[in-house]
Amino acid sequence: MALFCSRLAAQTVSIDTSPTGQLQTIDGFGTCLSGTEASTTSWWTNLFYNDLQASMLRMDLSPAFNAPYSDNSYNSPSYGNAGPQGNYARAYTNATSYTNLFNGTQAKIAVMGPNIDSNIAYFNFATSGSGPQVAGATAQIGKSLINTLGDFKLFASHWSPMPWVKIADGNTYQGGGANLPTNGTPFPFIWLGNYAGGTLDTSGTPRAEFDDSSLGGTGPTSALTQFARCTAAYLRGFQNTYGVNFYAISLQNELDFDEFYNSCFYPLASGYLAALKTVRAELDQYPDLENIKIMGPEDVLGGNAYGMWQYGSGPTTADKNLQFLQAIGADPVAAAAESFFCVHGYDSDGVSAGGATPTQWDWWTSGWGTSPGAGIPANVGGFTSFGKKSWMTETSGEATSWLSPSTGFPSSGAWSLALRIQQALTAGQESGWAYWQMTDGSAASAQTLTDATTLQNSPKYVAAKHFFRYIRPNSICVKTTVVNAPSLTASAFLHKTNDTLTLVLINSTNTPIQASVNSPAQPAGINAWQTFTSSSGSYWQSSTNLITNGSATITVPGYGVVTLYGLGQPSLDAAVSANGQLNFYWPPTANGFLLQSTTNLANSLWTNVGSAQITTNGFTNGLVSVSVAPNSGLAFYRLQQP
């Protein structure tokens, strides 16, 4: 966690890497995908994997079907051509009305039978430029770079289940707009191939429309069974097509919203738990799927206490983040099924003014002891009380300039994005962090980090890079203490395997702050910080700050961000192989260090082990692995910078 301090003479930053100072382990950073640039341009891949060194990739899990189940964009009007009554959407109430005649066409239902491999044939994974194809091609590159990146995790969210398993939820579309559904159109409906809104039928009631007897089943099945079978088949089909396994999935993206695009509404935690337990049981039947984790509830971080607990009451009740967590924790089967939690970090309470407290993150992390509002119970635990990690899986909305507004506190620009990440990792104790989109084929916007023209010079991209690039997977967030600088926040990350330490400093005033950064005992051997500084109009300026007597003086510009990266003396491990060779292991961060040997420690005469004597084996448990033919007598080895 980061503490604030006042700007007085002894402005210091201290880092606690001891066991008591170690917090959550970082899984990585990444984004979701939009458009085709990720799979069709080399600059995108270079930015994402080589420059940002992103190690997480998010994709949409809404199933894409083959014909005839996708004919006429799921039997809805086409863009610019309204259907009956002038509506651009086709509404339905359940599986029966989904197949009603519309514009002379009857939509088809793909019934999932008990054979998972037969179900895979319903789906389209490989059409060039489609969501599955772009995600698959991009994930293949990430997997190929897993040793360079330190890890790679592919995860996915259902924007919506297949449309015919949804039922009316009483809500209507009211957004208006040209070529959009008519105001008052009830959810769910189909709009330009989107499975818009409605709620998953979690009743468990068998329906005649889902009769699988002709597919080797026993007769009518429920929407829940169909949803679980579809999810399992889609996951296996994608993995088989692209050779990349999913790390985790979310059953529903932003489950408290009906939208005109792919979406689904889970008003009550009971419905979510029914889906969670059913899908987990289905995945557990298959060796290639049983290790895929389910995360959730993937709701939006609320803007107030009600947004963290419950909206409405009676028939309009909509459960929110912490109520979902309490329900999961109270159900042993659901608790075992939900591997970890996730949330969307769209709340901005902590970046509305200098030094503002991120209350929503505090609630998500720790809950509250006393009721924060009328009708809200006391003694509600946050996610940490359940012993599971949490990811922040989506956020966006900032202006593209470094500072926005240009006068006053810049709560809406790229600098504020950096502060949001800082708060998610410290107050929020998040283990993974993903932005909405890196690019979307258009100019950089509130929804993206950069574009094809701005590339690595986009302010928002730079803000993310201050965290993405040097906080590597499996780093441990450690406690930092800032003294005498209330507008300076700090986060620090220890990577034990790589013998590295990364520190991010953010100045929440327009005046430069000079601070003394005290070096912790571990990792040993850091003698300088590689320093990367960004402020308005000046991005990613690199320098070196030497460490003298255990500290270094660092200047953080007004509304600036500084990333410090220190490499300690890399560890060298050895073992004798079965054939008598010496196997050596060292972290990949030791690039440039030389393997040296001596037969007498007293004379300090070390010689480089020749390249002809070294056989490179690749990576073992994240470490570089080499073999060396042993000397005939006693020998000592070390890693040394030239």
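Predicted model, so just to flag it, every value in this text is computed and none were measured.

A short note on the side chain of aspartate 169
So, step 1. Tracing the backbone through its elements, the reader meets aspartate 169 in the loop between strand E9 (166-167) and strand E10 (189-191).
So, step 2. Notably, aspartate 169 is buried but unbridged: the nearest opposite-charge side chain belongs to lysine 166, and the N-O separation is 8.3 Å.
So, step 3. At 2.9 Å, the side chain of aspartate 169 forms a polar contact with the backbone nitrogen of asparagine 171.
So, step 4. The contact partners of aspartate 169, leaving out residues within four places of it in the chain, are Phe187, Gly198, Thr199, Asp258 and Phe265.

A few points about the packing of aromatic side chains
So, step 1. By the definition in use, this model includes 40 aromatic pairs.
So, step 2. Seen in terms of ring centroids, tryptophan 433 and phenylalanine 468 are 6.1 Å apart; in terms of plane orientation they differ by 80 degrees. Their pairing is edge-to-face. Taken together, the residues tryptophan 433 in strand E21 (residues 432-437) and phenylalanine 468 in helix H15 (residues 459-468) connect sequence positions 35 residues apart. For the pair shown, tryptophan 433 and phenylalanine 468 are each scored as buried.
So, step 3. Through a chain of ring-to-ring contacts, the aromatic side chains of Phe65, Tyr92, Tyr98, Phe123, Phe125, Trp164 and Tyr234 assemble into a single cluster.
So, step 4. Its guanidinium or amino end placed over the ring of tyrosine 98, arginine 90 lies 4.7 Å from that ring's centre, counting from NZ or CZ.

Digging into unusual backbone geometry
So, step 1. Omega for the bond connecting phenylalanine 187 with proline 188 falls within 30 degrees of zero, at 5 degrees, which places this linkage in the cis form.
So, step 2. With a phi close to 50 degrees, asparagine 72 is a non-glycine residue in the positive phi region.
So, step 3. Its location among the elements puts asparagine 72 in helix H3 (residues 71-75).
So, step 4. Classification of asparagine 72 by relative accessible area gives partly exposed; the value is 42%.

So, the pairing of strand E32 (residues 594-598)
So, step 1. In terms of burial, E32 is largely enclosed, as 4 of its 5 residues are buried.
So, step 2. Bridging between E32 and strand E36 (residues 636-640) involves 5 bridges; their strand directions are antiparallel. Note on E36: the bridge partner recorded for leucine 594 is glutamine 640.
So, step 3. Pairing of E32 with strand E33 (residues 607-608), which is carried by 2 bridges, proceeds in the antiparallel orientation. Looking at E33, one finds that glutamine 596 is bridged to asparagine 608.

Here's the deal with the packing of helix H9 (residues 269-283) against helix H11 (residues 321-330)
When two helices pack together, their arrangement is given by the angle between the helix axes and the distance between those axes.
So, step 1. Contact pair H9 / H11: the axes reach a minimum separation of 10 Å and the direction vectors enclose 50 degrees. If you check the angle between H9 and H11, you find them oblique. Remark: the crossing between H9 and H11 carries right-handed chirality. Only Gln323, Phe324, Ala327 and Ile328 of H11 make contact with H9, whose side of the interface consists of Ala269, Tyr272 and Leu273.

Concerning the sheet that holds E10
So, step 1. Across the sheet, 3 strands lie side by side as E5-E10-E11; this open sheet has antiparallel pairing. The open sheet has two edge strands, strand E5 (90-91) and strand E11 (194-196), and neither has a second partner.
So, step 2. One ladder, built from 2 bridges, connects E5 with E10; its direction is antiparallel. Paired with arginine 90 across the two strands is isoleucine 190, which belongs to E10.

Digging into the confidence of the model for the protein chain
So, step 1. Summary statistics for the protein chain give a mean pLDDT of 93 and a share of 98% for residues scoring 70 or more.
So, step 2. Confidence drops under a pLDDT of 50 for residues 1-9, and excluding neighbours within four residues, the segment shows 36 contacts in the predicted structure.

Description of the pattern of salt bridges
So, step 1. One pass over the structure, following the stated rule, counts 15 salt bridges.
So, step 2. For arginine 229, the salt bridge goes to aspartate 212, with nearest N and O atoms at 2.8 Å. With arginine 229 in helix H8 (residues 223-242) and aspartate 212 in the loop between strand E13 (206-211) and strand E14 (220-222), this residue pair connects regions lying 17 residues apart in the sequence.
So, step 3. Among the charged side chains, a network of salt bridges with common partners joins Asp27, Asp151, Lys153 and Lys389.

Describing the nonpolar core
Looking at soluble globular proteins, one finds that nonpolar side chains tend to be buried together.
So, step 1. Core analysis: the largest hydrophobic core is formed by 121 residues, its most contacted members being Phe65 and Trp364.
So, step 2. Excluding residues that lie within four positions of it along the chain, phenylalanine 65 makes contacts with Ser70, Tyr74, Ala110, Met112, Tyr122, Phe123, Asn124, Met162, Trp164, Tyr195 and Cys230.
So, step 3. Ranked by size, the runner-up nonpolar core spans 24 residues in total, among them Val478, Ala485, Ala492 and Ala552.

Comments concerning the sheet that holds strand E34 (residues 614-620)
So, step 1. Within the open sheet, the 4 strands sit side by side as E30-E31-E35-E34. Their pairing is antiparallel. Every interior strand has two partners, whereas the edge strands, strand E30 (573-576) and E34, have only one. Taken over all neighbouring pairs, the strand axes of this sheet differ in orientation by 25 degrees on average, direction set aside.
So, step 2. The pairing of E30 with strand E31 (residues 582-586) spans 4 bridges and is classified as antiparallel. Bridge pairing in E31 links valine 576 to leucine 582.

What to know about H9
So, step 1. With 15 residues, H9 should reach 21 Å at 1.5 Å per residue; the first-to-last C-alpha distance of 21 Å fits that figure.
So, step 2. Extensive coverage of H9 is indicated by the burial of 11 of its 15 residues.
So, step 3. All of the buried residues along H9 are Ala269, Gly271, Tyr272, Leu273, Ala274, Ala275, Leu276, Val279, Arg280, Glu282 and Leu283.

So, the environment of valine 624
So, step 1. The topology assignment puts valine 624 in strand E35 (residues 623-628).
So, step 2. Take valine 624: its relative accessible area is 16%, and that puts it in the buried class.
So, step 3. Put simply, valine 624 and asparagine 591 are 33 residues apart on the chain and 9.7 Å apart in space, counted from C-alpha to C-alpha.
So, step 4. Sequence-distant contacts of valine 624, defined by excluding residues within four places in its chain, comprise Phe584, Tyr585, Trp586, Pro587, Pro588, Gly618 and Phe619.

Thresholds applied
Residues numbered from 1 in each chain as written. Predicted model: local features only at pLDDT ≥ 70, side-chain atom pairs only at ≥ 80, totals over all residues. Heavy atoms only, no water. Helix = DSSP H or I, 4+ residues; strand = E, 2+ residues; numbered from the N terminus. Buried < 20%, exposed > 50% of the residue type's maximum accessible area, 1.4 Å probe, protein only. Lys, Arg positive; Asp, Glu negative; His and termini not counted. Salt bridge = Lys/Arg side-chain N within 4 Å of Asp/Glu carboxyl O. Polar contact = N/O pair within 3.5 Å; in protein donor to acceptor, adjacent residues only side chain to side chain. Contact = heavy atoms within 4.5 Å. Phe/Tyr/Trp six-rings, centres within 6.5 Å; stacked < 30°, edge-to-face > 60°. Lys NZ or Arg CZ within 6 Å of the ring centre and 35° of its normal. Pairing = 2+ DSSP bridges. Axes fitted to C-alpha atoms, helices over the stretch in contact; angles between N-to-C directions. Parallel < 35°, antiparallel > 145°, perpendicular 65-115°, else oblique. Left-handed = near helix turned anticlockwise from the far one by under 90°. pLDDT = per-residue confidence, 0-100. Core = buried A, V, L, I, M, F, W, Y, C linked by side-chain atoms within 4.5 Å. Expected span 1.5 Å × (residues − 1).

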